[in-house]
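Residue strings, one per chain:
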Amino acid sequence: MGTIAARLPRTRPSAATLLGAGLLVAVALALPALLSPFWLRAFTTSAIFAIACAGVGLLYGRLGVASLGQIALVGVGGWITLRLGHATSVPFLVLLLIAGGGTCVIGVLVGLPALRLSGLNLAIVTLMFAAAFAVVFNATGFPDGGDGFLGRATGSEQRLALERPALGESDAAYFRYVLIVTALMFGLIAAHLRARPGRQWAAIRQSEVGALAAGVDTTRSKLLALVLASFTTGVAGGLLAANAGVLDPGNFGPQESVILFAVVLIGGAFSLLGAVLAGLLLEAFPSLLSDLGVEGNLIFVVFGLGLIHAISTAPEGIAGQLQGLLAGRRRREGHEGDA
Amino acid sequence: MLSVRDLTVSFGGVKPLDRVSVEFGEGVCGLVGPNGAGKTTLFNVISGFAAPAAGEVEVDGVSLLGLAPHQRARWGLRRTFQQEQVIHMLSARDNVRLAAEELGGNADEADRVLDFVGVARTERRGSELSLLERRLVELARAVLAQPKLVLLDEPGAGLVDEETEQLAGLIRQIPERYGAQVILVDHDMELVSAVCSALAVLDFGRLIAVGSTSEVLADEEVKRAYLGDEVLL
C-alpha cells in the first residue's frame, strides 16, 4: 500500500527533497556568518512564518479549506508561550509543545464547526474569527511578565521580554534553532502527507462524497488536518514570541491573515516549497524593499499583482512553476539521453 | 436482501420519495423511471447521503439508517455516482488501492478487482483515463473487500454500445463472483434488460411497478410513464 503515497504529486522523497535538506544544512551553517543582523532577523521570521504558511497550505492545498484565521492561531501560540515562559521555568522546547497543544484546542474548537461550511462562507467565518481574536489581543495585550491570568505588567512593574532558549541566545544561534524546529514541523506535515491521512485528504479534495463512498471518515480526516495545522501554527507562534521576547497585538489582525493567505497562494499552496517561498515573501521581501529604500506600502501592490498572476496563470504558485520547469528540464534531458 | 419500507423523503414541500416500499431480490435488480422520479434520491438514502423523513432501510434485517455514509461503505455497501468519482491525481491502480485501504481490503485484492474489470494496472492518472476506464475503475472499487450491496448509478451513461456490452458482462458476474446484491439505475433500457432479473419503477417519487423484468417491461402503466412505445423484448 505504500506506493500510493509515492505517486501523490510533490510528496515523493526526490532528489530535489534531498537537495533541499542539504541546502537547509548549508544555510543553517553558513548564512549567519554571511548576513547582517537585519537580514538574519528577516530570515529567522521568514522561517517561522513558513511554518504558518505550511499550515495554511495544508488546509487549502490538500483539503480545499480556505482558512483566513491562521494568523490568530500564531497569536494564540505566542500568547501561551509568553504566559507560561514568564510564569514558569519550563524548558523552551516543552513550551513550544504546550503552545502547539493549546493552539490545537483553540483551533479545533473554532475550526470544527467552521469545517461544516465551505468556500466563501468558510473564508468569511474564519476571517471573523481572526478579527475577534485581534480585538481580544488588542484589549488584553500579550503577557509581559506581570501577574494574573493575563500576565500583564501594571503600574511600576517592569515589562519583561521572554528569554530565548539556552541553545539560541544569540541571533545566529536562534536562527539555527528556528531552522531546526521548522524542519521538524515540515517533516511532521510531510510524514502525514505521505501516509494514509495524505491519501484521505487527496480523496476529500477531489470529492467529499466520493471519499465518503470509499469509506473515508471525512470528519475525522478533516479534524486531523485541523489539529496538525493548528499545532504547527501554534509552535510558529511560540518561536515568534521568543524571537523578540515580546509580541505586538497589531501584528495579528484580519488584514495580516488575508496577507498570509495571499502569499501562500502566490508561493504555492500545494507543496512545502511553496510554504518556504511564502514565508520569504511575507518577511524577507519587505525587508528587501526596505533595504532598497522603497516605500513599504508598495508590498501590498506587489502582493496584489502576485495574487492576480497566481490565480490567472499559476494556480500552483511559484513553487508549482519552479517544479514544472524542473520536470520539463528532466524530460528534455531524458529525451536527449534516449536519442 | 435490501428492503425499503414506507420511505419518504421531503425537501420542503416537495417529496422526491413518497412512502416507497420495495424489496430487491438476489442478483442484479434494476431501478428505473423518468428523470426526477427519485431513483438517485433512493440511492442517496440507502447509502446515507440523504436522511429520510420516515421509513426504514434494511439489508437482511439490519437497519442501515443509523450509520454514516463511510460506515455503510465499511459495512459492505458500495456505490457509484452519475458523475464518476475517480481521483484525478492518482493512477487507476492507486485509486483502487486507496479504497482498499479504507474498506479493509489489501493491495493484492485491489489488483485482482482491476484485473476483473479489465483495466490494466495502469500508472496513468485518473485525469488521463477514458470515460469507460473511469467507469471501470469505479466498478472495481465497488466490488472490493467483500461487498454486500452494490448500487450502480447510471454506469452506462456516455458509453458507446460496445462499451456498454463490456460493462453489462461485468455487472452480470458480480453477484456470483463477489456474493453481492446489485441494484442498477440506468436509462439505457437495453443494458437494464440485459442484466436485471427484476425491476422496480419509480415515477414522481412513487413506486408504480415491481416484478420480473419481462413483467414490468410489459406493464401498461410503466409504458405510459416511462417507456413509451420502446420495444425491448
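Use the structure listed above.
Per chain, residues are indexed from 1 in the order of the written sequence. Lettering for chains starts from A, numbering for ligands starts from 1, and both go in the order in which the items are written. Note on the predicted model: pLDDT of at least 70 is required for a residue's local features to be given, and 80 or more for side-chain atom pairs to be given and counted; whole-chain, interface and lining totals, by contrast, use all residues.

Once that is clear, we can look at the overall build of chain B. Runs of H or I in DSSP of at least four residues are treated as helices and runs of E of at least two as strands, each being numbered from the N terminus. Across its full length, chain B holds nine helices and ten strands. C-alpha atoms define the radius of gyration, and 2.2 Å times the number of residues to the power 0.38 defines the globule rule. Rg of the C-alpha trace for chain B: 17 Å, near the compact-globule value of 17 Å for 233 residues, within the 12% margin. Once the C-alpha set of chain B is aligned to its principal axes, its extents read approximately 50 × 40 × 30 Å. Relative to its 233 residues, chain B shows a buried fraction of 49%. Restricting the contact set of chain B to residue pairs at least 6 apart, pairs at least 24 apart contribute 65%. Three exposure classes are used, all based on how many other C-beta atoms lie within 10 Å of a residue's own C-beta (placed from the backbone): buried at 20 or more, exposed at 12 or fewer, and partly exposed between those limits. Note on contacts: residues are paired as contacts if their backbone-placed C-beta atoms lie within 7 Å.

This brings us to the interface of chain B and chain A. In this assembly, 23 residues from chain B lie in contact with 20 residues from chain A. Of all the elements in the fold, those that place two or more residues in the side of chain B that touches chain A are helix H2 (69–75) and helix H3 (92–103) of chain B. Ranked by residue count, the leading element in the side of chain B that touches chain A is H3(B), at seven residues. Residue polarity follows a fixed list, in which Ala, Val, Leu, Ile, Met, Phe, Trp, Tyr, Cys and Pro are nonpolar, Asp, Glu, Lys and Arg are charged, and the others, Gly among them, are polar. Of the residues belonging to the side of chain B that touches chain A, the class tally is eleven nonpolar, five polar and seven charged.

Before going further, it helps to spend a moment on the packing of H3(B) against helix H4 (residues 107–117) of chain B. Packed helices, taken two at a time, are described by the angle between their axes plus the distance between the axes. Residue and element names in this part refer to chain B. Where helices are involved, their axes are fitted lines through C-alpha atoms of the stretch in contact, as for all axes, and angles between N-to-C directions lie from 0 to 180°. Where H3 contacts H4, the two axes come as close as 9 Å, and the packing angle between them is 130 degrees. With respect to each other, H3 and H4 are oriented oblique. Between H3 and H4 the crossing geometry is right-handed. Along its contact with H3, which presents Ala 92, Arg 93, Val 96, Arg 97 and Ala 100, the element H4 presents Ala 107, Glu 109, Ala 110, Val 113 and Leu 114. Tallied by class, residues from the contact of H3 with H4 come to seven nonpolar, no polar and three charged. When describing relative orientation, an angle under 35 degrees is termed roughly parallel and one over 145 degrees roughly antiparallel, while 65 to 115 degrees is termed roughly perpendicular and anything else oblique. Here a crossing is called left-handed whenever its near helix is offset anticlockwise from the far helix by less than a right angle, and right-handed whenever the offset is clockwise.

Residue and element names in this part refer to chain B. Strands qualify as paired when DSSP identifies two bridges or more between them. Spatial ordering of the open sheet is given by S2-S1-S4-S5, a layout of four strands whose pairing is antiparallel. Looking at strand neighbours, the two that pair on one side only are strand S2 (14–24) and strand S5 (62–63), the edges of this open sheet. Running over the sheet, helix H1 (residues 39–47) touches strand S1 (2–11), S2 and strand S4 (54–59) and is turned about 70 degrees from S2.

Next up on the list: the pairing of strand S3 (residues 28–32) of chain B. Residue and element names in this part refer to chain B. For S3, a buried count of five out of five residues is recorded, marking the element as mostly surrounded by other parts of the structure. On S3, burial covers both faces: Val 28, Gly 30 and Val 32 on one face and Cys 29 and Leu 31 on the other are all buried. In the sheet, S3 pairs with strand S8 (residues 181–185) via four bridges, with the strands oriented parallel. By the bridge assignment for S8, Leu 31 is matched with Val 185.

Next up on the list: the pairing of strand S9 (residues 198–203) of chain B. All names here are of chain B. Of all six residues making up S9, five are buried, and the element is well covered by its neighbours. Sheet topology places S9 next to strand S10 (residues 206–212); six bridges connect them, and they run antiparallel. Pairing of Leu 199 across the sheet is with Gly 211, part of S10. As consecutive antiparallel partners, S9 and S10 are separated by two residues, and within that stretch Phe 204 has a phi angle of approximately 50 degrees, a positive value.

Quick look at unusual backbone geometry now. All names here are of chain B. The backbone of Arg 19 shows a phi angle near 45 degrees, a positive value even though the residue is not glycine. Along the chain, the position of Arg 19 falls in strand S2. One non-glycine residue with positive phi stands out, namely Glu 154, at about 50 degrees.

What follows concerns the environment of A:Leu223. All names here are of chain A. Within the fold, Leu 223 resides in helix H10 (residues 218–244). Expressed as a C-alpha distance, the spacing of Leu 223 and Gly 111, which sit 112 residues apart in the sequence, is 8.6 Å. Excluding residues within four positions of it along the chain, Leu 223 makes contact with Val 108 and Leu 112.

On to H4(B). Residues and elements named next belong to chain B. Residues of H4 that are buried: Ala 110, Val 113, Leu 114 and Val 117. Buried positions in H4, seen along its axis, are confined to an arc of 105 degrees and lie on one side of it. Exposed residues lying more than 90 degrees from the buried face of H4 are Asp 108 and Asp 115. On the buried face of H4, the contacting elements are H3, helix H5 (131–142) and helix H6 (161–178). After H4 finishes, the residue Gly 118 shows a positive phi value of roughly 85 degrees. Arc definition: directions from the helix axis to the C-beta atoms.

Without other data, these values stay purely geometric and don't point to any function.
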